[in-house]
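One-letter residues, chain by chain:
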Amino acid sequence: QVQLVESGGGLVQAGGSLRLSCAASQSTFSINRMGWFRQAPGKQRELVAVINLVGGTTYADSVKGRFVISRDRNTVYLQMNSLTPEDTAVYYCNVLTLATATSIWGQGTQVTVSS
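Criteria and thresholds
- Residues numbered from 1 in each chain as written.
- Predicted model: local features only at pLDDT ≥ 70, side-chain atom pairs only at ≥ 80, totals over all residues.
- Heavy atoms only, no water.
- Disulfide = S-S within 2.5 Å.
- Helix = DSSP H or I, 4+ residues; strand = E, 2+ residues; numbered from the N terminus.
- Buried < 20%, exposed > 50% of the residue type's maximum accessible area, 1.4 Å probe, protein only.
- Salt bridge = Lys/Arg side-chain N within 4 Å of Asp/Glu carboxyl O.

## A short note on the state of the cysteines
No. 1: The full count for this structure, using the stated rule, is 1 disulfide.
No. 2: The disulfide bridge from Cys 22 ends at Cys 93, spanning 2.1 Å between sulfur atoms. Residues Cys 22 and Cys 93 are joined by a disulfide whose S-S torsion is about -80 degrees; by sign, that bridge is left-handed. You can see Cys 22 sitting in strand β3 (residues 18–24) and its partner Cys 93 sitting in strand β9 (residues 89–97), a full 71 residues away along the chain. In terms of burial, Cys 22 and Cys 93 fall into one category: buried.

## Regarding the pattern of salt bridges
Pairing is possible between side chains that carry opposite charge, provided their charged atoms lie close to one another.
No. 1: One pass over the structure, following the stated rule, counts 4 salt bridges.
No. 2: Here Asp 87 ties to Arg 38 by a salt bridge, and the two come within 2.9 Å at their closest N and O atoms. In this pair, Asp 87 sits in the loop between β8 (75–80) and β9 while Arg 38 sits in strand β4 (residues 31–39), placing the two residues 49 residues apart along the sequence. You'll find Asp 87 and Arg 38 in the same group, each marked buried.
No. 3: We note a salt bridge from Lys 64 to Asp 61, for which the minimum N-O separation is 3.1 Å.
No. 4: For Asp 61, a relative accessible area of 65% corresponds to the exposed category.

Here you go:
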């Protein structure tokens, strides 16, 4: 079973930047897609950005041009720039395994952007 360890959340002022990291406990060869989702209070969890095994990326329209997802072996990063209060949410790392397409979630990390 893949385990995920997230880090990098916190409090930042509008216009600032944060970098989230998520390390998976298993070899990258057992993982297909890695990515980030977020959930704001009273809202459904939504996709932020994902990156697949060959480096293909998908971004939510709301973060295009501001966020960059990258992957190094079994760690996925989310560089968040030009943050706004609307980016405030709990950010969850998600991994899709290669063999069984099992979806695994991290524990979540809080990102708060003050105006």
